[in-house]
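# Close look at the chain arrangement
Each chain, written out:
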Amino acid sequence: MTAEQIAEGDAELPVLTGSLGYLFNRPEPRVVFAQFIEGLLAKNSWTLAERAGHVTADRMQWLLNGSVWDADRLRDTVRDYVVDHLGDADASLVIDDTQAQKKGSKSVGVAFQHCGPTGDVRNCQVMMMLSYATAAGHAFIDRRLYLPEDWTTDRDRCREAGIPDAVAFATKPEPAIAMLEQARSAQVPFARILADAGYGRDPQLRAWCHRQSAPYVFGVPVYLLPDGPPGKPRQPAVKRANDLLHYAKTRDQWERRSCGDGAKGERLYDWTAFAGLQS
């Protein structure tokens, strides 16, 4: 990122935060909200407060825990802002998880579960995210907090945390479908939906894409049961997704594509296709 781009972003941020004042019913949280956004990279309320010139973290914490504002309206405003600046008919909607490590048991949805940043099981929260990705840039446009069954089966714990009684357990692909439906209702332009095998293995999500005639590219686990490839029965039989590799190895129609730079250099994947294959 160049110095000019940083300067442009620094000038644009007050315009963006200033346009969101309607979310709050009092002037104090409007001011703190702008300060909060400016210091988000500082990671916690104390460093955010220090950046804003506050004596303690109380005002930052009150913004998140006590002040009255509509997070869903803010989400919709952010989505519309992203589409206004990055909207592209060839864009991709990307479904993925993000995790935040936590201490204790009071944070909503916190549990010992898989944590992507560490690659193991940690005490953390899990958020399903929907990103809008284009050649010009990408940004988050929706989110859903995952509630493990340990939470949804303990209604007293849910009430203490402010979770309505109507909120029941849902597997991760169910909120993903809700986010996709929200994007379609808002007429977000896109060409395809992308997700890893954690979502691609879910038949309801794949069925939703088929019903909506929405092109998608999903990872799948090796044990997924596919239908095909079409035509005469083949030997060895294709009963699982990884059985296709026997036939793929004899083909010369592979393409090598880059998924961008990773921690160990460029991430290259080899692709091939079987026409008409379904799962």
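The following paragraphs examine the structure supplied in this document. (Residues numbered from 1 in each chain as written. Predicted model: local features only at pLDDT ≥ 70, side-chain atom pairs only at ≥ 80, totals over all residues. Heavy atoms only, no water.)

## Here we look at the overall build of the protein
Regarding its fold elements, the protein presents 11 helices and eight strands. Residue burial in the protein is summarised as follows: out of 279 residues, 31% are buried. Restricting to contacts in the protein with at least 6 residues of sequence separation, those with at least 24 account for 50%. For the protein, the accessible area works out to roughly 17,600 Å², and carbon and sulfur atoms hold 53% of it. (Helix = DSSP H or I, 4+ residues; strand = E, 2+ residues; numbered from the N terminus. Buried < 20%, exposed > 50% of the residue type's maximum accessible area, 1.4 Å probe, protein only. Contact = heavy atoms within 4.5 Å. Areas by Shrake-Rupley, 256 points an atom, 1.4 Å probe, with all protein chains shown as cover.)

## A word on the pairing of strand β4 (residues 137-145)
As paired strands, strand β3 (residues 120-134) and β4 are joined by eight bridges and run antiparallel to one another. Counterpart to Thr134 in the pairing with β4 is Gly137. Between β3 and β4, which follow one another and run antiparallel, lie two residues. (Pairing = 2+ DSSP bridges.)

## Re unusual backbone geometry
Backbone geometry places Gln187, a non-glycine residue, at a positive phi of 60°. With respect to the helices and strands, the residue Gln187 is situated in the loop between α8 (173-185) and β5 (192-195). We note that Ser213 has phi near 55°; this positive angle belongs to a residue other than glycine. One can find Ser213 in the loop between α10 (203-211) and β6 (216-218).

## Concerning the side chain of Ser92
In this fold, Ser92 is placed in strand β1 (residues 92-101). A relative accessible area of 8% places Ser92 in the buried class. Within the structure, Ser92 has its side chain in polar contact with the side chain of Arg192 (distance 2.9 Å). Look past the residues within four positions of Ser92 in its chain and what remains in contact with it is Ser131, Tyr132, Ala133, Arg192 and Leu194. (Polar contact = N/O pair within 3.5 Å; in protein donor to acceptor, adjacent residues only side chain to side chain.)

## Here's the deal with the packing of aromatic side chains
Going through the model one piece at a time under the given rule, you end up with two aromatic pairs. Between Tyr146 and Phe169 the ring centres are 6.3 Å apart and the planes differ by 70°, which places this aromatic pair in the edge-to-face class. Of the two residues, Tyr146 sits in the loop between β4 and α6 (149-152) while Phe169 sits in the loop between α7 (155-160) and α8, which places them 23 residues apart along the sequence. Using a relative accessible area of 14% as the deciding quantity, one classes Tyr146 as buried. Ring geometry for Tyr216 against Phe218: centres 4.5 Å apart, planes inclined by 40°, an arrangement best described as tilted. Tyr216 gets classed as partly exposed once you look at its relative accessible area, which sits at 26%. (Phe/Tyr/Trp six-rings, centres within 6.5 Å; stacked < 30°, edge-to-face > 60°.)

## Description of the pairing of strand β8 (residues 265-271)
Summarising the sheet, strand β7 (residues 255-262) and β8 pair through six bridges and their orientation is antiparallel. The residue of β8 that forms the bridge with Ser258 is Leu268. The loop that links β7 with its antiparallel partner β8 comprises two residues.

## Here we look at the nonpolar core
Leu93, Ile95, Leu130, Tyr132, Leu180 and Ile193 are the most contacted members of the largest nonpolar core, which has 29 residues in total. Of all the secondary structure elements, the ones that give two or more residues to this core are α5 (71-86), β1, β3, α8, β5 and α10. Apart from the residues within four sequence positions on either side, Leu180 is in contact with Leu93, Ile95, Leu130, Ile193, Leu205 and Trp208. Of all hydrophobic cores here, the second largest spans 12 residues; its members include Phe33, Phe36, Leu48 and Ala49. (Core = buried A, V, L, I, M, F, W, Y, C linked by side-chain atoms within 4.5 Å.)

## Digging into the pattern of salt bridges
Charged atoms that come close allow side chains of opposite charge to pair. Summed over the entire model, instances satisfying the criterion amount to 16 salt bridges. Between Arg122 and Asp120 there is a salt bridge, and its shortest N-O distance comes to 3.2 Å. Given the relative accessible area of 32%, Arg122 is considered partly exposed. Across the pair Arg159 and Asp156 runs a salt bridge whose closest N-O atoms are separated by 3.0 Å. Separated by three residues within a single helix, Arg159 and Asp156 lie in helix α7, roughly one turn from each other. For Arg159, a relative accessible area of 46% gives the class partly exposed. Judged by its relative accessible area of 58%, Asp156 falls in the exposed class. (Salt bridge = Lys/Arg side-chain N within 4 Å of Asp/Glu carboxyl O.)

That's the geometry; what it means functionally is another story.
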